[in-house]
Amino acid sequence: MTLRKSLATTLLLAVFASPGWVLASCDFDADSADGLDFADRIIDCEETSKPERQALPAVAVEKLYSDVGSAEISEHRVVAPGSLNHTANRRFEAREEYSLRADASFESSVTLAVQRLHLQMAHHCSRGWELNSQRSQAKRDISDPLRSGKYFLIYQFTCSDER
Amino acid sequence: MKILTPLYVALAAGVVALPAVASGPLDGSIYGKINLSVVATDEQGGSSESDNYQLNSNASRLGVKGKSELKPDLYAVYKAEFEVCADDGKCAGDSPFKQRNIMAGIKGRYGMVWAGNHDTPTKMAQSKVDLFNDLDGDMKVLFEGENRSKNMVAYTSPTVNGFAATVAMMPGEEGEGEEARDGLADGVSYSLSYTQGDLYLAVAGDDDVDGQDLLRLVAKYQLDALQLGFIYQENEDVDGGESVDEEGYFVSAAYKLDGITLKAQFGSVESDLENSDKETLSLGADYKLAKSTKLFAYYTANKDGDTDSDYLGVGMEHKF
């Protein structure tokens, strides 16, 4: 019994007095499940699966733009920078046009499109928001529908639940 | 069968209905192995004698394991493993399945808290020193302490500079009474291990687990193609049952030659009870066909008191 106590004490001290972490390598087979380090093997050898993002509740999405005909659009612009609004959990969809053509001006860049979208989000959800999705959609151009190089960047977002 | 039939129907219905309710890919993966051997068996002495050929399913199993990252450095971990009896389909009664290790736990930077029906830390500490595990030369024919315990609540420390510890408690779940095992830690099992390069050392023990107090020391060293293993164990009976105080050792060696691994192991236990000493000797070779598949052959001679048993077997193992 003296041997047991001295061995256990020595090893316990060594465990808790030593800094630094060691990670097991990923090499899992059926026998690995029986080892003392089986949990490290499972973690190292499994693809990371994060908790499923909860599906968005069914809430009406208010579009801040409207399609007119095949190419024309009319956007609800931020009317006044100082007129901020916020309705908790209200959901919007906004879009801005940008161009990837080589001769596009800076005003047509995706950077400015993102900034304009953020202005819209700040205008409608002044206390904060969650970006639910983003996507790009090619802009149909009557003159050259396949090569216009122009897109809409579309953000769907929800105002935070702060009231 | 009357109970099982609705169960199978319900399970089948669940599988068919799964795509309709699943919100994403299956979290985890399936693993397992099939290990089958044909063995010429000769058991003489004691109360039973037999001389025959057997097809054995050597702890073939099917398992599901997985993790989910809850937060950075925080995981839910689970494992559910079942033995499948590929030889006669009778693992537990007429069932082709039998529960093996099943657990779930939460693991973070400071270790893992887990619970389930699982091998004790003492059993896990042997770390493949037993080269004929699950065959006739399995060291469980020699040593106490090879337990899979019910109702186990455990903590495993992180590995720190090669050191790791696991301690498990097993409540007895007995009813009222002065002698009732109704506490949280009626049985305790622990292991402390150290791994550094090719060296593995461990001390493990049980306190009132399966009627035994037990101490086990394990050493394993990999010297190029040669693996050497050693186990020392002493155990004492604490419940006054049939078990007796014992002390013994176990040595093993494996040598790899290309795709062939030559293996040998020997163990001896002295018992306080007269005419109850035990010995086991196994010699064998594995031939690796692929990373997951091997053929093997072995000879084992076991002695348990007056009973002598000899086994000569060939088989295959496929892991998936």
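Residue positions are given per chain, counted from 1 along the sequence in the order it is written. Note on labels: chains are lettered from A, ligands numbered from 1, in written order. Predicted model: local features are reported for residues with pLDDT of at least 70 only, side-chain atom pairs are reported and counted for 80 or more only, and whole-chain, interface and lining totals are derived from all residues. Side-chain metrics rest on all non-hydrogen atoms present in the structure, leaving aside hydrogens and water.

### Considerations on the overall build of chain A
Phase 1: If you tally the helices and strands in chain A, you get 3 helices and 6 strands.
Phase 2: Listing each helix as α and each strand as β along chain A from the N terminus yields α-α-β-β-β-β-α-β-β.
Phase 3: Buried means the residue's accessible area, taken with a 1.4 Å probe over protein chains only, is under 20% of the maximum for its type, while exposed means over 50%, and partly exposed covers the values in between. Across the 163 residues of chain A, 35% fall into the buried class.
Phase 4: Relative to all contacts within chain A whose residues are 6 or more apart in sequence, the contacts with residues 24 or more apart total 69%.
Phase 5: For chain A, the accessible area works out to roughly 10,400 Å², and carbon and sulfur atoms hold 54% of it. Strands here are runs of E lasting at least two residues and helices are runs of H or I lasting at least four, both read from the DSSP assignment and numbered beginning at the N terminus. Here, residues are in contact when the closest pair of their heavy atoms is within 4.5 Å. To measure how exposed things are, a 1.4 Å probe is used in the Shrake-Rupley method; for residues, cover is taken only from the protein chains shown.

### Here's the deal with the sheet that holds strand β5 (residues 129-138) of chain A
All names here are of chain A.
Phase 1: Two strands pair if DSSP finds at least two bridges between them. Ordered in space as β1-β4-β6-β5, the 4 strands form an open sheet in which the pairing is mixed. In the strand order of this sheet, the two ends are held by β1 (61-63) and β5, each with one partner. Neighbouring strand axes in the sheet, compared pairwise and without regard to direction, differ in orientation by 25° on average.
Phase 2: In this sheet, strand β4 (residues 91-99) lies alongside β1 in parallel orientation, the contact comprising 3 bridges. Within β4, the position partnered with Lys-63 by the bridge is Glu-93. Only C-alpha atoms enter the line fits that serve as axes; for helices the fit covers just the stretch in contact. Angles between N-to-C directions range over 0 to 180 degrees.

### Let's talk about the pairing of strand β10 (residues 199-209) of chain B
Residue and element names in this part refer to chain B.
Phase 1: Note: strand β9 (residues 187-196) against β10, 9 bridges, orientation antiparallel. Across the sheet, Tyr-194 pairs through a bridge with Leu-201, a residue of β10.
Phase 2: Hairpin geometry of β9 and β10 is characterised by an intervening segment of 2 residues between the two adjacent antiparallel strands and by a positive phi of about 60° at Gly-197.
Phase 3: What sits between the antiparallel neighbours β10 and strand β11 (residues 212-223) is a turn of 2 residues, in which Asp-210 has the positive phi angle 55°.

### Structural notes on unusual backbone geometry
All names here are of chain B.
Phase 1: Phi at Asp-134 is positive, roughly 75°, even though this residue is not glycine.
Phase 2: Within the secondary structure, Asp-134 sits in the loop between α2 (121-124) and β7 (148-156).
Phase 3: In the Ramachandran plot, Asn-161 falls in the positive-phi region, its phi being about 50° despite a non-glycine side chain.
Phase 4: Tracing the backbone shows Asn-161 in the loop between β7 and β8 (163-170).

### Notes on the nonpolar core
Phase 1: For the purposes of this section, nonpolar cores are sets of buried Ala, Val, Leu, Ile, Met, Phe, Trp, Tyr and Cys residues that join through side-chain atoms within 4.5 Å. Judged by nonpolar contacts, the single largest core of 33 residues is most densely connected at Phe-38 of chain A together with Met-112, Trp-114, Phe-143, Ile-231 and Phe-250 of chain B.
Phase 2: If you tally residues by element for this core, the top one is helix α2 (residues 38-45) of chain A, at 5 residues.
Phase 3: With residues up to four places along the chain from it excluded, the contact list for Met-112 of chain B reads Phe-38 and Ala-39 of chain A together with Val-77, Met-103, Ile-106, Lys-107, Ala-154, Tyr-155 and Thr-156 of chain B.
Phase 4: Core analysis: the second largest hydrophobic core is formed by 12 residues, Ala-94, Leu-117, Leu-153 and Cys-159 of chain A among them.

### Re the confidence of the model for chain A
All names here are of chain A.
Phase 1: Scored by pLDDT, chain A comes out at a mean of 74, with 63% of its residues at no less than 70.
Phase 2: Confidence scores labelled pLDDT are given residue by residue by the predictor and lie between 0 and 100. When mean pLDDT is compared element by element in chain A, helix α3 (residues 110-124) scores highest at 93, while helix α1 (residues 2-17) scores lowest at 44.
Phase 3: Within the model, the stretch residues 7-24 combines pLDDT values under 50 with 30 contacts to residues more than four positions away or in other chains.
Phase 4: Scored below 50 in pLDDT, residues 69-73 makes 10 contacts in the model with residues more than four places away or belonging to other chains.

### Section: the packing of aromatic side chains
Phase 1: Classification of ring pairs rests on two measures: the distance between centres of Phe, Tyr or Trp rings, Trp counted by its six-membered ring, which must be within 6.5 Å, and the angle between planes, read as stacked under 30 degrees, edge-to-face over 60 and tilted in between. According to the stated counting rule, one finds 9 aromatic pairs over all chains in the structure shown.
Phase 2: Seen from their ring centres, Phe-143 of chain B and Phe-250 of chain B are 6.3 Å apart, and the 55° between their planes marks the pair as tilted. Taken together, the residues Phe-143 of chain B in the loop between α2 and β7 and Phe-250 of chain B in strand β13 (residues 246-257) connect sequence positions 107 residues apart.
Phase 3: Put simply, the rings of Phe-132, Phe-296 and Tyr-298 of chain B touch in pairs and so form one group of aromatic residues.
Phase 4: Only when the NZ of Lys or the CZ of Arg is both within 6 Å of the ring centre and within 35 degrees of the ring normal is a charge said to sit over the ring. Of note, Lys-65 of chain B hangs over the ring of Phe-28 of chain A, and the distance from its end group to the ring centre comes to 4.4 Å.

### Thoughts on a negative patch on the surface
Residues and elements named next belong to chain B.
Phase 1: Residues forming no salt bridge and having over 30% relative accessible area are the ones grouped into patches, like charges within 9 Å of each other and nonpolar side chains (Val, Leu, Ile, Met, Phe, Trp, Tyr) within 5 Å. Note on definitions: salt bridges are taken to be side-chain nitrogens of Lys or Arg within 4 Å of carboxyl oxygens of Asp or Glu. Positive charges are assigned to Lys and Arg, negative charges to Asp and Glu, while His and the chain termini are left out of the count. We put the charge of a Lys on NZ, of an Arg on CZ, of an Asp on CG and of a Glu on CD. Taken together, the side chains of Glu-247, Glu-270, Asp-277 and Glu-279 present a region of like negative charge at the surface.
Phase 2: Among the secondary structure elements, Glu-279 is positioned in strand β15 (residues 278-290).
Phase 3: Glu-279 sits in the partly exposed class, given a relative accessible area of 36%.

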